[in-house]
Amino acid sequence: MDNFDTVIRNGTVATACETMAADIGIRDGRVVALGQGLPRGRDEIDARGLLVLPGGVDAHCHLDQPMGEGLRMADDFRSGTRSAACGGTTTVIPFAAQQRGQSLRAAVEDYHARAEGKALVDYAFHMIVADPTPAVLNDELPALIEAGYTSFKIYMTYDDLKLDDRQILRLLAVARQHGALAMVHAENADCIAWLTEALESAGHVAPKYHAAARPMAIEREATHRAITLAELVDVPILIVHVSGRDAIDQIRWAHAHGLRIYAETCPQYLFLTAEHLGGGYEGAKCVCSPPPRDRANQRIVWDGLSDGLFTIVSSDHAPFRFDDPQGKKPGGKEVPFQYIPNGIPGLETRLPLLFSEGVRSGRLTLNQFVALTATNPAKLYGLNPRKGTIAIGSDADIAIWDPDKQVTIENRLLHHDVDYTPYEGMRVTGWPVTTLVRGTRVWDGGEVCGRPGFGRFLPCGRPDMARPKVVTPADSGHYMANRPDALGQLAQRHDG
Ligand code: URP
Ligand code: ZN
Ligand code: ZN
């Protein structure tokens, strides 16, 4: 009866709620027993002195996303998920990005083709909606949500992606009606454009001026506006990649007013500052949006992690090679800051950095670490309890950590296809030594043993966390359609 494929024995198991000494019995890719002194399995892993944690869920990363003319992401589903596995992450959620004029379904189908046969770990998709036509709002988006694509990103900046407030309201209404979660990139596009023009005309074009073009005020304004739009529609949203105090203040304000606003931050806002954009063109390596701030803001972000303001920590891995005409040097040239592709790599370093500076230094409990990096992202995107925890019946997605392993981060040790890491030379304590996806080792003893194509696509459920605050008895899961008021009628059809 016991008949385990694998037993992980003698380890300290931690979930978002508990830490316990327990063995884990795995059969057919799932956790089937938690206990002490479990019978032998066909495969035995001795985790004495090690931590046994749910595999990480990296719910914000960009892999093989189609880019503008002449640009290319360095990681596809093969190299990106390889790197994820080596850093203890077992599920990734990158973005199927709609181009203007393209159908949303076509973007999703294209993205499936890009992922097919390549991934080492499991994956779901968010969508990016760049062209919310009536067909998208009325037909495609509801059908895709029903089919398991239950989250989408809205951009308030970037010329080819940004939406105006009315478009955002329409999308939020669809999210409410159909039970999806909207993620918002909150920066004010016009303010950035105006500051960029001013900097350029003064001859300030080096990478460090990227930070000057995107000060915290423009993130603050957009964050508050996104909160207001969500309040009008009565729907929860997630503010992604929150960088510092100003946006955090707005989110605290929203919480104080009873609004269900979730927040994400990323290691770049805990470990980098705007000074990393200095030092000549090398600074392009750390150009991302919003930009990293300063040490005082790092501390404020840490506070938000420890006091529960933030729901999740993601990498926002957006991989461009530095020395590459399709990467940070478009056309082979050192270009003005506004033409540098935005984003930094971080899939493999997300968990070790947060474990070392969060858990080891005492800022976070081990259970908070698990919640922020695995359990909460799985809940937020409708993947729990299958993913993000260690429980009977959940997938045996497990990262076994040596909490004392000292590592100096060097790009040559990482497994992405990017030619740098912004964290070069940083010393961390704690690293995953074995990663299992559905009970199968994909990273073990310093070797990649996962197979491209082993990773499966995960349709997502409608997340409970996306439920609006006001759910009347008449609301039976599909909220907005059932609201017997003008707002409900307004949200039901979008005629352009
Ligand atoms: O700079 C960033 N964050 N690039 C990735 C795209 C995005 O907005 O998340
Ligand atoms: Zn973004
Ligand atoms: Zn991103």
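Everything numeric here is computed off the predicted structure, so don't read it as measured data.

1. Digging into the overall build of the protein
And step 1. Secondary structure summary: the protein contains 13 helices and 21 strands in total.
And step 2. Taking 496 residues into account, the globule formula puts the C-alpha radius of gyration at 23 Å, and the protein, at 22 Å, falls close to it.
And step 3. Taken along the three principal axes of its C-alpha coordinates, the protein extends 65 × 60 × 45 Å.
And step 4. Across the 496 residues in the protein, those meeting the buried criterion constitute 60%.
And step 5. Contacts in the protein between residues at least 24 apart in sequence constitute 77% of all its contacts with a sequence separation of at least 6.
And step 6. For the protein, the accessible area works out to roughly 18100 Å², and carbon and sulfur atoms hold 48% of it.
And step 7. Positive and negative side-chain charges of the protein, numbering 51 and 61 respectively, have mean locations separated by a distance of 2 Å.

2. Re the coordination of the zinc ion (ligand 3)
And step 1. Distances from the zinc ion (ligand 3) to its protein donors, His 60 (NE2), His 62 (NE2) and Asp 316 (OD), fall within 2.0 Å.
And step 2. Seen from the zinc ion (ligand 3), its four donor atoms lie at angles of 90 to 120 degrees, and the figure they make is tetrahedral.
And step 3. Of note, the donors binding the zinc ion (ligand 3) are all from one chain and are spaced H-x1-H-x253-D.
And step 4. Distance-wise, the zinc ion (ligand 2) is placed 4.0 Å from the zinc ion (ligand 3). Of this pair, His 62 sits in the loop between strand E8 (56–58) and helix H1 (77–86) while Asp 316 sits in the loop between strand E17 (312–313) and helix H11 (350–360), and the two are 254 residues apart along the sequence. Grouping residues by exposure puts His 62 and Asp 316 together as buried.

3. What about the coordination of the zinc ion (ligand 2)?
Put simply, the ideal angle at a metal is 109.5 degrees for four donors in tetrahedral geometry and 90 or 180 degrees for six donors in octahedral geometry.
And step 1. Protein coordination at the zinc ion (ligand 2) comes from Lys 153 (NZ), His 185 (ND1) and His 241 (NE2), with a distance range of 2.1 Å.
And step 2. Along the chain, the residues that donate to the zinc ion (ligand 2) are spaced as K-x31-H-x55-H.

4. Considering the nonpolar core
And step 1. Within the largest apolar cluster, 108 residues are counted, with the highest numbers of intra-cluster contacts made by Phe 152, Leu 172 and Phe 369.
And step 2. Setting aside its immediate chain neighbours within four residues, Leu 172 contacts Ile 154, Ala 182, Leu 229, Ala 230, Val 233, Val 235 and Ile 237.
And step 3. Listed in part, the 24 residues of the second largest apolar core include Ala 130, Leu 181, Tyr 262 and Tyr 381.

5. Some words on the sheet that holds strand E4 (residues 23–27)
And step 1. The four strands are arranged E5-E4-E1-E6 in an open sheet whose pairing can be described as mixed. The open sheet is flanked by strand E5 (30–35) and strand E6 (41–46), the only strands paired with a single partner. With strand direction ignored, the average angle separating the axes of adjacent strands in the sheet is 20 degrees.

6. Comments concerning helix H4 (residues 165–178)
And step 1. When the terminal C-alpha atoms of H4 are compared, their 20 Å separation across 14 residues agrees well with the 20 Å that a helix rising 1.5 Å per residue should span.
And step 2. Of the residues making up H4, those classed as buried are Ile 168, Leu 171, Leu 172, Ala 173, Val 174, Ala 175, Arg 176, Gln 177 and His 178.
And step 3. Following H4 by one or two positions, Gly 179 adopts a phi angle in the positive range, close to 80 degrees.

7. A few points about the site of ligand 1
And step 1. The environment of ligand 1 is formed by 13 residues, the closest being Lys 153, His 185, Cys 288, Ser 289 and Asp 316.
And step 2. Contact between ligand 1 and His 60: an oxygen atom at 3.3 Å from a side-chain N or O atom of the residue.
And step 3. Within the contact set of ligand 1, a nitrogen atom lies 2.7 Å away from a side-chain nitrogen or oxygen of Asp 316.
And step 4. Computed on the free molecule, ligand 1 has an accessible area of 270 Å², of which 95% lies beneath the protein chains in the complex.
And step 5. Its residues placed into classes, the shell around ligand 1 shows four nonpolar, seven polar and two charged.

8. Overview of unusual backbone geometry
Note: most residues except glycine have negative phi, and most peptide bonds are trans.
And step 1. Cis geometry marks the peptide bond from Ser 289 to Pro 290; its omega dihedral reads -10 degrees.
And step 2. When you line up the elements, Pro 290 lands in the loop between helix H9 (268–271) and helix H10 (295–306).
And step 3. Following Asn 384, the chain continues to Pro 385 via a peptide bond in cis, the omega torsion being 5 degrees.
And step 4. Mapped onto the fold, Pro 385 is located in the loop between helix H12 (366–380) and strand E18 (398–408).
And step 5. Notably, Asp 28 is not glycine yet its phi reads approximately 50 degrees, a positive angle.
And step 6. Note on placement: Asp 28 falls in the loop between E4 and E5.
And step 7. Positive phi values are uncommon outside glycine, yet Asp 64 reaches one of about 45 degrees.
And step 8. Tracing the backbone through its elements, the reader meets Asp 64 in the loop between E8 and H1.
And step 9. Judged by its relative accessible area of 17%, Asp 64 falls in the buried class.

Reading the values: the criteria
Residues numbered from 1 in each chain as written. Chains lettered and ligands numbered in written order. Predicted model: local features only at pLDDT ≥ 70, side-chain atom pairs only at ≥ 80, totals over all residues. Heavy atoms only, no water. Helix = DSSP H or I, 4+ residues; strand = E, 2+ residues; numbered from the N terminus. Rg over C-alpha atoms; globule rule 2.2 N^0.38 Å. Buried < 20%, exposed > 50% of the residue type's maximum accessible area, 1.4 Å probe, protein only. Contact = heavy atoms within 4.5 Å. Areas by Shrake-Rupley, 256 points an atom, 1.4 Å probe, with all protein chains shown as cover. Lys, Arg positive; Asp, Glu negative; His and termini not counted. Charge placed at Lys NZ, Arg CZ, Asp CG, Glu CD. Donors = N, O, S within 2.8 Å, 3.2 Å for Na, K, Ca; no water. Tetrahedral: all angles 85-135°; square planar, octahedral: opposite > 155°, others 65-115°. Core = buried A, V, L, I, M, F, W, Y, C linked by side-chain atoms within 4.5 Å. Pairing = 2+ DSSP bridges. Axes fitted to C-alpha atoms, helices over the stretch in contact; angles between N-to-C directions. Expected span 1.5 Å × (residues − 1). Near = heavy atom within 4 Å. Polar contact = N/O pair within 3.5 Å; in protein donor to acceptor, adjacent residues only side chain to side chain. Nonpolar A, V, L, I, M, F, W, Y, C, P; charged D, E, K, R; others polar.

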